[in-house]
Every structure is written in C-alpha cells, then in structure tokens.
Amino acid sequence: AQSVTQPDIHITVSEGASLELRCNYSYGATPYLFWYVQSPGQGLQLLLKYFSGDTLVQGIKGFEAEFKRSQSSFNLRKPSVHWSDAAEYFCAAGRGGADGLTFGKGTHLIIQP
Amino acid sequence: EADIYQTPRYLVIGTGKKITLECSQTMGHDKMYWYQQDPGMELHLIHYSYGVNSTEKGDLSSESTVSRIRTEHFPLTLESARPSHTSQYLCASSEYRRGSEAFFGQGTRLTVV
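I will try to describe carefully the structure that is included in this document. It should be emphasised that the depicted structure is a prediction, and the values quoted were computed from it without experimental measurement. (Residues numbered from 1 in each chain as written. Chains lettered and ligands numbered in written order. Predicted model: local features only at pLDDT ≥ 70, side-chain atom pairs only at ≥ 80, totals over all residues. Heavy atoms only, no water.)

What follows covers the overall build of chain B. Within chain B one finds zero helices and eleven strands. Seen in sequence order, chain B has helices and strands lined up from the N terminus as β-β-β-β-β-β-β-β-β-β-β. For chain B, the spread of C-alpha atoms along the principal axes amounts to about 40 × 30 × 25 Å. Of all 113 residues assigned to chain B, the portion counted as buried reaches 48%. Contacts in chain B between residues at least 24 apart in sequence constitute 53% of all its contacts with a sequence separation of at least 6. Here chain B contributes 11 positive and 13 negative side-chain charges, whose respective centroids are spaced 4 Å apart. (Helix = DSSP H or I, 4+ residues; strand = E, 2+ residues; numbered from the N terminus. Buried < 20%, exposed > 50% of the residue type's maximum accessible area, 1.4 Å probe, protein only. Contact = heavy atoms within 4.5 Å. Lys, Arg positive; Asp, Glu negative; His and termini not counted. Charge placed at Lys NZ, Arg CZ, Asp CG, Glu CD.)

When the parts of a complex come together, some accessible area is lost, and that lost area is often taken as the interface size. Listed per partner, the contact involves 24 residues of chain B and 22 residues of chain A. Note on chain B versus chain A: buried area summed over both sides is about 1,900 Å², and carbon and sulfur give 50% of it. In terms of surface lost to chain A, no three residues of chain B exceed Glu42(B), Gly99(B) and Glu101(B), which account for 26% of the buried area on that side. Applying the counting rule to chain B against chain A returns one salt bridge. Linking Glu101(B) and Lys49(A) is a salt bridge whose minimum nitrogen-to-oxygen distance equals 2.5 Å. At the surface where chain B touches chain A, the tally comes to five residue pairs in polar contact (both at pLDDT 80 or more). For the side of chain B that touches chain A, the elements supplying multiple residues, two or more each, are β4 (31-37), β5 (43-49) and β9 (87-94) of chain B. Broken down by element, the residue count for the side of chain B that touches chain A peaks at four residues, all from β4(B). (Buried area = accessible area lost by both parts, 1.4 Å probe. Salt bridge = Lys/Arg side-chain N within 4 Å of Asp/Glu carboxyl O. Polar contact = N/O pair within 3.5 Å; in protein donor to acceptor, adjacent residues only side chain to side chain.)

Moving on: the pattern of salt bridges. Residue and element names in this part refer to chain A. Tallying each qualifying case throughout the model produces eight salt bridges over all chains. Of the charged contacts, one joins Lys78 and Asp85 as a salt bridge, the two residues approaching to 2.8 Å between their closest N and O atoms. Taken together, the shared-partner salt bridges in this structure form one network comprising Glu64, Glu66 and Arg77.

Time to look at the state of the cysteines. Residues and elements named next belong to chain A. Following the criterion strictly, the structure yields two disulfides over all chains and no others. The disulfide partner of Cys23 is Cys91, and the S-S distance across this bridge is 2.0 Å. Here Cys23 and Cys91 share a disulfide; its torsion about the S-S bond, -70°, makes the bridge left-handed. In this pair, Cys23 sits in the loop between β3 (19-21) and β4 (24-26) while Cys91 sits in strand β10 (residues 87-94), placing the two residues 68 residues apart along the sequence. Here Cys23 falls in the buried class, since its relative accessible area comes to 0%. (Disulfide = S-S within 2.5 Å.)

Residue and element names in this part refer to chain A. Looking at where Lys61 falls in the secondary structure, it is placed in the loop between β7 (56-58) and β8 (64-68). Relative accessible area serves as the criterion here: at 46%, Lys61 is assigned to the partly exposed category. Residues Lys61 and Pro113, spaced 52 residues apart in sequence, show a C-alpha to C-alpha distance of 19 Å. Of the polar contacts made by the side chain of Lys61, one reaches the side chain of Gln45; its length is 3.1 Å.

Spatial relationships are all this shows, so hold off on functional conclusions.
Encoded structure:
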C-alpha cells in the first residue's frame, strides 16, 4: 500500500537555526513528491515539488528539499528559520493520475525566540 | 495565487440538519478533491472528480456525497449531520496532467452539536 511517513510529530527550533523535516515514502515506483505548509485555520500552500531530474529542489520562502531514491526520502530543509515559519508541514506523494495525493500525518514546527 | 474558494469558513449546525459545503475554482481545473482533516492529523481523501459528471469515492469512507455539474463547482453534501462529522473539510483542484500539484481552498471547519 502507498504511504507517506513523517516520523516527527513536533519539532522545536530556535529562530535563526537550521531546520530539517523528514519524509519517507513507500510506493511501487518513484512517485511525484510535494511539501505543503498549513498555517492555523488555513488551507495548504505548496512549498515545492519533485518530479524528476535534479534531486535538490528549491521552493518558496527559502525552503529546499532533497530526493534520495536509495532512502525513499524527501527531506525538507531551511538554513535559517524565521518565527513566521511556525506552522504544520505536510509531505505528500502521488502517481500523477486522477487519484489524489497521499499525505503524511504532518510535522508541527515550533519556533523558539 | 490559487483561486479556489470554500464557503462557509466556519459552520456550527445541529444534529440531523442537511448541509452543503461549497467549493469553487476559477482555474479551469478538471480534477477536484475533498479531503477531511481532523485536528492535528493527516488529510484523508473522501471524494474526487475527473471532470463534469464524474465523481469517485476516496480512501476514507464518508457519508457525504458530491456532485460535479459544472467544471468550476464541486459541492459536498451531508444529508443528516452528526457529531461524528465534526472536522475540517478541504477542497482542492489540479490540472489533469502527470505530477500537477493540488491547489487548496482555505477549508470549512464544521462543528455538529
């Protein structure tokens, strides 16, 4: 069965520190991969996506993610977090057909002053 | 900026009432989705559509129904609301091509009392 795993439910990072959020997927073939961010009471906003090619993907708001086929991972990184980055982050995967994306359970990011 | 709108944003309603959650998009996307999200938890696909007159059930069983009479409109209906239906409902749309990302509305937070 297809699945997306985000091992960390909560992560606390000091403002200005670097960030890495983990994501692992289990699919029959390499899926399309996405990271979304959700602020409280809001919908989801796409940060970045990976289809093929360069395994390091740049996104909005200074985020990047690296696809590692050997580890079935697609971890999200940011060199220096800002207080406004506090939110829920979701990793998602899809096969590109009409069916929807499979989401991980999300990682709640807390920023310490 | 994604143009997908959900109304109402918040709804508190009594048990047994019929409700319709509205979702409209102005991007001309063929694919539309409804996800259910409980607080602090992952998103579960409950309905999706390939296009006009197409509706399919998603991974999570739901007592709700959907219709797709127009490309831009994908309403979700609960014939008789129950407290177990209390949740956040997120509508999304995407292009019908491989790897296209989903654009999300801001969600409807439903509370059934």
